[in-house]
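Here are the chains, one letter per residue:
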Amino acid sequence: MFVNDLLGLPTEFITTTPLIHMLTNQSVAEEIVKKFGDDVFDFEEPFGMLTFTTTREQIIPLLEYLKSHPQFNINFLTDITAIHYPDALGQEFCVVYHTHSFINNFRIRIKVYLPDADVHIPTAVGLWASANWMERETFDLFGIIFDGHPNLKRILNMEEMDYHPMRKEYPLEDPTRQDKIDALFGR
Amino acid sequence: MTFTIDVAFIIKAIIILLIFGITLLVAMYSTYGERKVAAFMQDRIGPNRAGPFGLLQPLADAVKMFFKEDFIPAQSSKWLFILGPCLSMLTALMTSAVIPFGDSIKYEAAPGKVWDVPVQAIDVNIGILYVFGVVSLGVYGIMVGGWASNNKFSLLGAIRAASQNISYEISMGLAIIAILMMTGSLSIRHIVEQQHGGNWNIFYQPLGFIIFITCAFAECNRTPFDLPECETELIGGYHTEYSSMKLGFYLFAEYINMFVSSAMISSLYFGGYNYPGMDWVQAQLIGSLGEIAGHNVATLIGFLVFFGKSLFFVFFYMWVRWTLPRFRYDQLMNLGWKGLIPLAIVNIVLTGGAILFLKPLVMSFLK
Amino acid sequence: MTETSVAPQNNADLAKGDQVQYVNELTTLNLGPTHPATHGIFQNILTMDGEKIVAGEQTVGYIHRAFEKIAERRPFYQITTLTDRMNYCSSPINNFGWHMTVEKLLSIEVPKRAQYIRVILMELARIADHIICNGILGVDTGAFTGFLYVYEKREEIYEIYEEICGARLTTNMGRVGGMERDLNSTAINKINEFLKSFPPVLKEFERLFNRNRIFMDRTIGVGGISAERAMSYGFTGPNLRAAGVDYDVRVMSPYSSYEDFEFDIPVGQHGDTYDRFMVRNEEMWQSLRIIEQAMKNLPEGPYYADAPEFYLPPKQEVYRNMEALIYHFKIVMGEIDAPIGEVYHAVEGGNGELGFYLISDGGRTPYRLHFRRPCFIYYQAYPEMCVGSTISDAIVTMSSLNVIAGELDA
Amino acid sequence: MQLTNRSKQVSNKQMTFAERIYLPAIATGLGITIKHFFQKKVTIQYPEVKKNLGPVFRGRHVLKRDDQGRERCTACGLCAVACPAEAISMVAAERQKGEENLYREEKYAAVYEINMLRCIFCGLCEEACPKQAIYLRHDEFVPVFTERDQVIWGKDLLAENMNNRYLRKAWTKEEAREQDIKGIDAKPRTQL
Amino acid sequence: MNFSNLFANLTPSTSIFYALSFLTILCGLMVVLAKNPIHSVLYLIATFFCLSGHYILLNAQFLAAVNIIVYAGAIMVLFLFVIMFLNLKKEDEESKTNLVKIAAMIVGGTLFLIFVAVLRKAQLGTYNPYSFDSQIGMVESLGEILYSDYLLPFELVSILFLVAMVGAVMLGRREAGDRHF
Amino acid sequence: MTTDVKIVEAPDGYQGSGFFATSFDKVVGLARSHSLWPLPFATSCCGIEFMSTMAARYDLARFGSERPSFSPRQADMLLVAGTIAKKMAPVLKQVYLQMAEPRWVIAIGACASSGGIFDTYSVLQGIDRVIPVDVYVPGCPPRPEQILEGILQVRELTHNESLRRRNSSEYQALLASYNIQ
């Protein structure tokens, strides 16, 4: 007995497509530039996803704009994370927001670069409840401080930890491991 | 004549010892049975390494528990902590005293003088009330132990047990009242005797039976009413902090309770040691073995029948446990207060009506 | 407000969490980290009024293993072993999700057969995942037996894996560019057998639970969340669908030929535990449908892409062919240059949108690899979902969310 | 919110009267469990009965020798590099004159150690080995340990025992596939 | 009075009576004296048991059983329940003010006086062994009297209970918005 | 780990406390080995494999070990299955401390035994850094067969363990080296 029989479903092939209103990267980008002007720059399309950079002053208004825009309807926060570029002077940290519009099935990636000396960025908790832990994780691993976050403390690591482990300068390994011979074949 | 009295006394003593022994043994092997039944229902084999078919498993558990470190939590009330399991065990064992396990054993002391010793530890004329009283005390063991453990989860378990037992006792009592109205006696032996042959109460009291068995499940803290000890919520419930044989007592008491309530169910609703065609069997036996031996063998058969019925209900307990999900606390209370109690009252009214109107009608019809 | 904090009364405190604190009449109950219902490790500190929960806070990170940091030190092909251990209930999905991400970066077109095999294995993994979740929900409501019935079928899924890769749980069965092995005839037979033997068992499981009033009472209206809140909390997967939003990555942005298959997206009404249970159950049926279609239409052809610089050459070639030997060394040493770029790829994991955000600087390892772990994101909604209910509800809610600690804590 | 036309409502929360009074559902449940009570049990009695672990199970490591008993390993170190757990360590040495019957290649592993507790049995070492020298046996586990100092296995435990050789039907995945396609039921053999 | 004589002349039931009485008084005292309220409740339960023993000695088995079921089995469980919930053990005993102490003295003293006065005047009931009906405490006779001679009071009491129950239900009704309990 | 305490042989070989102790030891050891109640401390992947071990196909219950005691007090063996992060280590130690003697510990899988592939700042490199371990089961995760092997090994240890081992100075020294007691 196969499943289709059990469910009483027709076995013939029916193609279904999502109900998608097409948005193109081009049109969205133009609209955003129209609204935010010079505060959004570095537009790219790596593997089809619209990517651009903004400033930390504009990030929350930008997200809010995208969320409330009647056509874009980018109402889902997929992810917040950060990247550490120790060599890029004045742009050591990059906070990356992935957002998604379910209705249009359209994703946007927004980046904000922060200097090492001043890793502050406003929180997005007011827009999405899910930002809470994502920002806490980013704080925990990178030390990015999200201003206005209700509960910005470590989430994955122990409270007592005194560094932010995902920064490139910190080692991965547990210093107490004894059963390993290092310096083997370029490890 | 002192001699004959002594023999009767000895028979009685043996019966009493036997009854307690059997209760303990059944409880002990219920643990094994539970594991095997669970395993079989889950397509597993279950314990089979300790002795043939794992039959020594309960012994292994018992010995292990005796030699386990006995732990009494700091800052808990030491004496109450010990009292808890003892109370549980005591009340569980006390109940089995009034259950009629069989008809009676006849003994010819002197020619023409036959002693008739009932197979029951003690026949009190308020048997049901006695059982009820002891059962209602059973919760103290859990409450005291749970409280003395000084642990949040234990206390929650104890409190759940207390409120659950009180609530379900009421509907249990009301369900029994319907039986009492039919039989007009509080003595369990009397009730059993009235169900002679296949004239079992279950045919007159199906609703009462369902209420009673539900309440029995609740009183024994068995699934779906095992809230006081549910593993996934309260870890071990009231016995979270118990180790070694004190834990063993709690677990043991649960199984004794199960057996005793099974025996109660079969006595009250399934005719105890009565079975259809028992008169014929007895007549045949007396015919072939003689008056006294025949009667005794018939008693033995009755005892086995009773035992079979009780064990079936023990099995039923396990069967249900490994099938059903458990209630939530408030649902349990709702079921008890809003479901079972009104139903039990309806049952009483129906029974009363039947006795008043239906019975004379049927009687006159039969005449 | 007088707050009397009582010092730990005995050493049972930390583990079983019976630290008692009295704030007026509210008590704090510490569920976890080793509470049996947490299935894995996280802690919920619940503030209770009697048996009613008035507030909750979770502590996670009890098995934080630093996946993302390790990933920065391992060549691409070794990261498979990490993804295996992320959502260990459905490791093939993680596995192939990662490989698809890398393939996207490297612009490798995977042959159709490999894509179909991946679909089959991913759907098997989804079934395995949902078996655990729904079975455990049964266990947590007190019915252990149904769990073992379906778990036995999970063992059959393991047997299929064993045939393909030799491991049961942490399969490591995909490779960049395709599959490590093709489906052999035994595996195909086993899959067909599974397609036949699973439906009756699942039906039986449903009959044990679906319409049992005790179970329904325990789950209906418990731990509900509205679609709006669920979206705000970043829910995806079955938990979001239970709230009525039919978002499914397989349909919205099809990968690995999912557009070839016909299946429904089950949705619930109120996002409560019963909805989640039913949605997962129905997803198992839909997965079976997908597997059935994939098995029927399984194309012939190679099971890996023609990408010699990324897919290990056959062993015999390594002996005979110098070029193959060089590639072999280069691949194992991780000296193949990946293009510079950043890529986000999402798959429908057992718990929702499992995203891989990969930034490559052209080196042997990812410059940065971030996992969008659905558990981590939606578990933060847990206090909101269980406030106002009892501790029993909280536990049922927790198991129906299917929080996998490995995925949660990275 | 409906995004596609594929959605299907699956959750029905209305209870009928029969469902309301508990008993029919309970009876159904009891029926299912009692059916299983009398069914055949699926349990494998493990220490006595052993289940087939599959053709490619990744168990205990073995360092293959060729048919003359020479070690195949050439200490190239690829396995150690490929090991995600960094459990393999080795010391390479040059083959001396007169050792041709011991080592196949001119370089060999004088020390070859695997930390069995670190190893995650992912099979990447087997895949990485260009000499087909290391294999994860499909028929044997690594035994359990009771002492911490037993866990690093050297060549004495890893190298193949010539008196009790490791047999396998197919030594590479390509070979296995070929056998499968052609439907050959190959005999287990010692060598590649 | 010669105590040794007293002990020598004890019949089994009188010795049980004395032992039980001693236990009853002891437990009763411990109820008052125990520091921990939980212990008090447990002593109270023990007291009820001893009283039930007295009932049995008087051949009033029904009363004995009902005493245990109702008092020891239900009411005291609720007492214990409440005390456990309140967890009084944790709180230090509050020091009583002098006013409370004086009030307690007065109330206790008055009660004591009343008892003395009543007992002084009272005549101990005697029974005639020839007309004594040993079945008087049994269920049947109890039921007969209850449902014939004392039917009206019995029904009135039932109505009182009904009223009390309805009142309790009304008081314990959940507030709107409360999902559980 | 299995420091068998040698018991001084009685001169005649069959009398004195030694004789009784050893045969008694055997009985108790036998009983213990058939009734090892596990405490699954399952954190990750190995926990799922432990579930398989408990499930129908491998059925741990055959050895009398099917009653998982989630309360450490009642458990005999602690099955640590899965990664133990440094954040978790104190909890693990607590659980171990709460277990009643005699207790055994199995480290299931590479992570619990040595950290496995997670040689990272946040993972404890083997639980034997915080608690004494009796049996290590290799594998990531080990197959149920291997977990059963581990449990069989514990049964072996249990069976042969002297009743006095837990009081011996060696055992105390072992515990002391972990800062226990």
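Quick notes on the rules
Residues numbered from 1 in each chain as written. Chains lettered and ligands numbered in written order. Predicted model: local features only at pLDDT ≥ 70, side-chain atom pairs only at ≥ 80, totals over all residues. Heavy atoms only, no water. Helix = DSSP H or I, 4+ residues; strand = E, 2+ residues; numbered from the N terminus. Contact = heavy atoms within 4.5 Å. Pairing = 2+ DSSP bridges. Axes fitted to C-alpha atoms, helices over the stretch in contact; angles between N-to-C directions. Parallel < 35°, antiparallel > 145°, perpendicular 65-115°, else oblique. Left-handed = near helix turned anticlockwise from the far one by under 90°. Nonpolar A, V, L, I, M, F, W, Y, C, P; charged D, E, K, R; others polar. Salt bridge = Lys/Arg side-chain N within 4 Å of Asp/Glu carboxyl O.

Quick look at the side chain of T24 of chain E now. On the secondary structure map, T24 of chain E appears in helix α2 (residues 12-33). For T24 of chain E, the residues in contact, after removing those within four places along its chain, are T47, C50, L51 and H54 of chain E.

Attention now goes to the sheet that holds strand β11 (residues 368-372) of chain C. Residue and element names in this part refer to chain C. Sheet architecture is open: 3 strands sit in the order β9-β10-β11, paired in antiparallel fashion. Only two strands of the sheet have a single neighbouring strand rather than two, namely β9 (340-349) and β11. The average undirected angle you get between the axes of adjacent strands in this sheet is 10°. Where β9 meets strand β10 (residues 352-361), 10 bridges bridge the pair, whose relative direction is antiparallel. From the neighbouring strand, H345 faces β10, where its bridge partner is F356. Helix α4 (residues 91-106) rests against β9, β10 and β11 of the sheet, and its axis sits at about 150° to β9.

A few words now on the sheet that holds strand β6 (residues 152-153) of chain D. Residues and elements named next belong to chain D. Here 3 strands make up an open sheet; going across it, the order is β3-β4-β6 and the pairing antiparallel. In this open sheet, the two edge strands, each paired with only one partner strand, are β3 (88-94) and β6. Judged from the 2 bridges that link them, strand β4 (residues 107-115) and β6 form a sheet pairing that is antiparallel. Its bridge partner being in β6, N115 is matched across the sheet by I152.

For the rest of this paragraph, the subject is the packing of helix α4 (residues 127-148) of chain B against helix α4 (residues 61-86) of chain E. Interaxial distance between α4 of chain B and α4 of chain E falls to 9 Å at its minimum, and their mutual angle equals 20°. With respect to each other, α4 of chain B and α4 of chain E are oriented roughly parallel. You can see that α4 of chain B and α4 of chain E cross each other, and the crossing is left-handed. When α4 of chain B is examined against α4 of chain E, the residues L129, F132, G133, S136, L137, V139, Y140, M143, V144 and W147 of chain B are found in contact with a partner set consisting of F62, A65, I68, I69, A72, G73, M76, V77, L80, F81 and M84 of chain E. Residue classes in the contact of α4 of chain B with α4 of chain E are distributed as 18 nonpolar, 3 polar and no charged.

Taken as a whole and judged by the stated rule, the model has 76 salt bridges over all chains. The partner of E342 of chain C in a salt bridge is K111 of chain A, with the nearest N and O atoms 2.5 Å apart. Here E342 of chain C is found in strand β9, whereas its partner K111 of chain A is found in strand β5 (residues 106-114) on a different chain. D260 of chain C is the salt-bridge partner of K112 of chain C, the closest N and O atoms lying 3.2 Å from each other. Separated by 148 residues along the polypeptide, K112 of chain C in helix α5 (residues 112-140) and D260 of chain C in the loop between α11 (249-252) and β8 (265-267) bring together distant segments of the chain.

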